[in-house]
Number of protein chains: 2
Amino acid sequence: MATIKDIATRLGISVSTVSKGLNGASDISEELRQVVLDTAVEMGYSTKRSRKEENRKLCLFIENMNYEKIDEFGYDIVLGFKQNAFRHKWDVTVVPVTPAFQMEEKYDTYLLKNGYCGAFLCGFALHDEWMKQLQHTTMPTVLLDNFIANNPNVCYIGTDSYEGIAMAVNHLYTLGHKNIAFLNGSLHSMVSEQRQEAFETSMASLGLEIQQDLMAYGYYVADSAQYHVPGFLSAGATAIICGNDLIASGVISECTQRGFRVPEDISVIGFDDIPLAPAMTPPLTTIRQDRNELGKGAYVVLNSLIHHISISKMLLRPQLIERESTTRVSKEPRIIKDDLK
Amino acid sequence: MATIKDIATRLGISVSTVSKGLNGASDISEELRQVVLDTAVEMGYSTKRSRKEENRKLCLFIENMNYEKIDEFGYDIVLGFKQNAFRHKWDVTVVPVTPAFQMEEKYDTYLLKNGYCGAFLCGFALHDEWMKQLQHTTMPTVLLDNFIANNPNVCYIGTDSYEGIAMAVNHLYTLGHKNIAFLNGSLHSMVSEQRQEAFETSMASLGLEIQQDLMAYGYYVADSAQYHVPGFLSAGATAIICGNDLIASGVISECTQRGFRVPEDISVIGFDDIPLAPAMTPPLTTIRQDRNELGKGAYVVLNSLIHHISISKMLLRPQLIERESTTRVSKEPRIIKDDLK
């Protein structure tokens, strides 16, 4: 690994200037400091410095996810991560991130500059600048719901989508449903792809027919429902599995507006178990991701990466939460209304 | 959760007798003690008792795997598990297990009786009696290379087979190989199935043809080679990926005996990086499973399960170890010997 002397030699500056740059002294320019930091990162110096035992600081970067209020999706994730980290005497800083911020600051350099030993990233999208940089990062990094191939410094953490969707399909099957629709989240998402595969595999393993007009990708928002629910209803769906609870809330509204009762005419099942789920009308049956456990687990993995255990993936168990939006399939033939045809 | 009183009521015996049974007092019969323990397990008492903080004992059960000498496969797994557990002040007992032992002792009862808070199981086979019992165990359990669906108390740990096989295929591809054969391990093994899928996916993603006569399941032993290598050679393989290093050693012998030089005529790549691999002739290129990390990671997961973080799967990164059994594909057409046809 590179030493301060190596960095000085490469840049043709003195060892003391490099040292000032690395330690954030006030008497060198911000531009020169940035060059020193970037070179240090490039030469693999970061790992060496940031793993010092006395420097127990972790960073939680968060994007596209609300987390400040108790009823927001990210709240328990942040809480679980902090709880476990504090218990083991680490400091945690939560840093909200934008795409612009990622263009301004290099990932490794940012961590080095601020003395972080590792980071947990929540809510990042595939096209984010930092996602590209993670392919080569030397910093211990845990990534929620995304996988980076071939880099032993990065671990993917999430809830087991296969088992979650299988639970949803099995639950509906035991209630007598056969025409099960699946309104997935966004097309370009690793998690959506896993859930799609899980849906098709689970249906097939129960001998249920996979019908193209009962499957669609939408987005992870309630509005998705209006574009796909009418088609599902016309095609004879008796139950709809949704990519998340927000989609499910839209599906319930859409069904209700069209005169279909949930669950008597159509069963609806979500994914996530957000704090809002039990308060929906009817209270939502869903597949729970335990967000507090996700946060705690992320700390466990990050600490392992820092101690050179190269974990690639860690998945948590989902849990079926039965509430009132699913019931036995109705025996009476449904009347398809004209406006749905 | 059940109390001592509940157990006493169910069995129609006194609370003090139940207590004696649970604590292994000498003045009750072994038969009665067994009934008390079995009932306690059935009623979910085990979890409550064994998670007491003062009772820091873990068990490592091991079957079908040598581990006592430094050059044996299990040695570093056991070592890593113990290292991490001892560091966190847990005692570890290593218990070798046979199929007969599993018929005699119920899994949960054995743990309860001996005061273990959780266990790590290495080398178990799908048809083992305890594998059935793990579907319903209430004890925190980490299982090497096997997955139990829907039980939040059991976690699967292993090396990422997909990434490992993809590394092997990519390595051979960059050396110019197109006719790549795959001699897999046993058919009825989760890991073999993952590797088979990974092989076919990796070949397809590089635009390489998947040829049925270049793929076979064998067993995880060197002898597998003699049944499949002749066919691979006749079918024009220029490289063979093996399900483990033992198979690879057999493949090298088989090729050599038939006048094919490794790697000049045919490249061979293993899986595991057992201690023997660098000492083979030629030294074996292989996909490393870091067994010390597997052991350490198993402790991390087991400790998480004990603290109610329901991890389902944890995979470690494999690593390509380039030695001398692989090289660029030969440009000269090979002479197929008569005895191979």
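Quantities reported herein were computed from a predicted structural model and do not represent experimental measurements.

Student: I tried to follow the interface of chain A and chain B on my own but got confused; where do I start?
Tutor: Note: interface size is frequently given as the accessible area lost on complex formation between the parts. Counting residues at the interface gives 28 residues for chain A and 28 residues for chain B. For the pairing of chain A and chain B, the buried interface totals around 2100 Å² over both sides, and the portion due to carbon and sulfur atoms is 53%. Taken together, the connections running from chain A to chain B amount to 0 salt bridges. On inspection of chain A and its partner chain B, the count reaches 18 residue pairs in polar contact (both at pLDDT 80 or more). Among the elements of the structure, helix 5 (75-87), helix 9 (161-174), helix 13 (291-306) and strand 11 (311-316) of chain A are those that each provide at least two residues to the side of chain A that touches chain B. Top contributing element to the side of chain A that touches chain B by residue count: strand 11 of chain A, with 6 residues. Tallied by class, the residues present in the side of chain A that touches chain B amount to 12 nonpolar, 9 polar and 7 charged.

Student: Looking at this model, I keep getting lost on helix 13 (residues 291-306) of chain B. Mind explaining?
Tutor: Residues that lie three or four places apart on an α-helix share one face, since the helix turns once every 3.6 residues. Residues and elements named next belong to chain B. Between its first and last C-alpha atoms helix 13 spans 23 Å; for 16 residues at 1.5 Å apiece the expected length is 22 Å, and the two agree. The buried fraction of helix 13 amounts to 14 of the 16 residues, a majority that puts the element mostly inside the structure. Looking one or two residues beyond helix 13, the residue adopting positive phi is His 308, at roughly 65°.

Student: Got a minute to help me understand the sheet that holds strand 3 (residues 118-122) of chain A in this structure?
Tutor: Strand pairing within a sheet occurs via backbone hydrogen bonds; the two strands may be parallel or antiparallel. Strand order in the open sheet made by the 12 strands is 2(A)-1(A)-3(A)-4(A)-5(A)-11(A)-11(B)-5(B)-4(B)-3(B)-1(B)-2(B), with mixed pairing throughout. Two strands bound the open sheet, and with one partner strand each, they are strand 2 (91-96) of chain A together with strand 2 (91-96) of chain B. Sheet twist, expressed as the average angle between the axes of neighbouring strands with direction ignored, equals 15°. Where strand 3 of chain A meets strand 4 (residues 141-144) of chain A, 3 bridges bridge the pair, whose relative direction is parallel. The residue of strand 4 of chain A that forms the bridge with Phe 120 of chain A is Val 142 of chain A. Of the strands in this sheet, strand 1 (57-62), strand 2, strand 3 and strand 4 of chain A touch helix 5 of chain A, which is tilted by about 155° from strand 2 of chain A.

Student: When you look at the nonpolar core in this model, what are you seeing that I'm missing?
Tutor: It is characteristic of soluble globular proteins that their nonpolar side chains tend to be buried jointly. One finds Leu 58, Leu 60, Phe 81 and Phe 120 of chain A together with Leu 58, Phe 81 and Phe 120 of chain B to be the most contacted residues of the largest nonpolar core, which totals 61 residues. Excluding residues within four positions of it along the chain, Phe 120 of chain A makes contact with Cys 59, Leu 60, Phe 61, Ile 77, Phe 81, Val 142, Leu 144, Ile 157, Ala 298 and Leu 302 of chain A.

Student: What am I meant to see in the environment of Gln 135 of chain B here?
Tutor: Residues and elements named next belong to chain B. Tracing the backbone shows Gln 135 in the loop between helix 8 (129-133) and strand 4 (141-144). Between the C-alpha atoms of Gln 135 and Ala 149, which are 14 residues apart in sequence, the distance is 7.4 Å. In this structure, Gln 135 is in contact with Ile 148 and Asn 151, ignoring residues within four places of it in sequence.

Calculation criteria
- Residues numbered from 1 in each chain as written.
- Chains lettered and ligands numbered in written order.
- Predicted model: local features only at pLDDT ≥ 70, side-chain atom pairs only at ≥ 80, totals over all residues.
- Heavy atoms only, no water.
- Contact = heavy atoms within 4.5 Å.
- Buried area = accessible area lost by both parts, 1.4 Å probe.
- Salt bridge = Lys/Arg side-chain N within 4 Å of Asp/Glu carboxyl O.
- Polar contact = N/O pair within 3.5 Å; in protein donor to acceptor, adjacent residues only side chain to side chain.
- Helix = DSSP H or I, 4+ residues; strand = E, 2+ residues; numbered from the N terminus.
- Nonpolar A, V, L, I, M, F, W, Y, C, P; charged D, E, K, R; others polar.
- Expected span 1.5 Å × (residues − 1).
- Buried < 20%, exposed > 50% of the residue type's maximum accessible area, 1.4 Å probe, protein only.
- Pairing = 2+ DSSP bridges.
- Axes fitted to C-alpha atoms, helices over the stretch in contact; angles between N-to-C directions.
- Core = buried A, V, L, I, M, F, W, Y, C linked by side-chain atoms within 4.5 Å.

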